[in-house]
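# A closer look at the structure
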Amino acid sequence: MPPHSGARPAIATLLVLACGGRPAAVASPEAPPLPTASAAAAETLLVDVRSVDSTIEVDARYAGSDNFTGAPLPGYEAPRALLRREAALALGRVQARLRTGGLGLRVFDGYRPVRATLAMVDWTERTGRRELVDSGYIARRSRHNLGVAVDLTMVDLASGTAVPMGTEFDTFTPAAHTANAEGRIRRYRQILVRAMESEGFRNYEKEWWHFSYEVEGAVAFDEVIR
C-alpha cells in the first residue's frame, strides 16, 4: 500500500533534523550478577509494552524460529514484549514522539528470561561461535534479564513497513554498529537514537537496535513469558 500523502513531509522533516547532532550515548549490554527475583515480583514489576500503547508493534523473534539460533528460546511461550513498568512507560512516550513524524516502533525483544540468555551462550559454544560472547554481541548476563533493555526498529506508519536500517536485527558484524552507516540509513538510525534518548534510553553502540533504561534497584527475572 502506498504511503499516505501526508506522512512523507513529516518523515522528511525528521530526516533533516537528524543531521549534524551529537553522537549516541553508549551503554554496555552486560549487567552485574544479581539474584533472580520471585514470580510475584515479576508479576508486579513487568508489564506488556502494548498495554502502555497498543500501536507499538511486536515481532517477538525469540518466541519463534526467526532468530540467529533458528529455534524458539527457552522461556518464550508467547509473542509478547515485557519491560519494567518505568521503561515501558518511557517507550510509550517514544512512540508518541515518533508518531508525529509518521513513524512508529516495532519491538523484537524486551524482558528476556535468564534461561534464554544461558541458551544463547550455550548455542555459541555448541556452534563454535564463542567469539560472539567474547566480542560483546551476546552477553552472559544481560540487561534484558532485568527487564530494562529493549531491541527494536522503526516502521513507516502509513505503509506498515520497516524503515531501512542497513542490517537485519541480530547482525553480528561492524555494519550493525550504530555509527557505521551513511546517507538515509544513518539518518534513520539517528532519528531512533534521539527519540529513545529523549525519554531516557541509551543505545549500545555495537547494535543500532539495542537500548537500555536505568531503573534503580533492577533485579533479574527468570519467569516464562506466557
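Below or above, wherever it landed, is the structure these notes cover. (Residues numbered from 1 in each chain as written. Predicted model: local features only at pLDDT ≥ 70, side-chain atom pairs only at ≥ 80, totals over all residues. Heavy atoms only, no water.)

## Describing the environment of Leu-89
Rules: Secondary structure elements are defined from DSSP: runs of H or I of at least 4 residues count as helices, runs of E of at least 2 residues count as strands, and each element is numbered from the N terminus. Think of it in three bands: with a 1.4 Å probe and only protein chains considered, a residue is buried below 20% of the maximum accessible area for its type, exposed above 50%, and partly exposed in between.
Positionally, Leu-89 belongs in helix H4 (residues 85-99). Exposure remark for Leu-89: the relative accessible area of 44% places this residue in the partly exposed category.

## Description of H4
Put simply, the test is: Any helix carries an expected span of 1.5 Å times its number of residues minus one.
In this model H4 runs 21 Å from its N-terminal to its C-terminal C-alpha over 15 residues, within 8% of the 21 Å that 1.5 Å per residue would give. Buried residues of H4: Ala-87, Ala-88, Ala-90, Leu-91, Gly-92, Val-94, Gln-95 and Leu-98, and no others.

## Description of the pairing of strand S7 (residues 210-213)
Each regular strand displays side chains that alternate between the two surfaces of the sheet. Put simply, the rule is: Strand pairing is assigned whenever DSSP detects at least two bridges linking the two strands.
By the alternation rule, side chains of S7 split into His-210 and Ser-212 and Phe-211 and Tyr-213, which are all buried. With three bridges joining them, strand S6 (residues 201-203) and S7 adopt antiparallel strand pairing. What sits directly across from Asn-203, in S7, is Phe-211.

## Side note on helix H7 (residues 183-197)
One turn of an α-helix holds 3.6 residues; hence residues three or four places apart share an orientation. Compared with the 21 Å implied by 1.5 Å per residue over 15 residues, the 21 Å span of H7 between its first and last C-alpha is a close match. Among the residues of H7, Tyr-188, Arg-189, Gln-190, Ile-191, Leu-192, Val-193, Ala-195, Met-196 and Glu-197 are the ones counted as buried.

## Observations concerning the pairing of strand S5 (residues 149-156)
Of all eight residues in S5, eight are buried, a share of seventy percent or more. Alternating positions in S5 separate into two faces, Ala-149, Asp-151, Thr-153 and Val-155 on one and Val-150, Leu-152, Met-154 and Asp-156 on the other, with burial throughout. Taken together, the six bridges between strand S4 (residues 103-109) and S5 define a ladder with antiparallel strand orientation. For Gly-104, the partnering residue across the bridge sits in S5 and is Val-155. Two strands pair when backbone bridges link them, and S5 and S7 are joined in this way by three bridges, in the antiparallel orientation.

Honestly, it's all geometry; don't read function into it.
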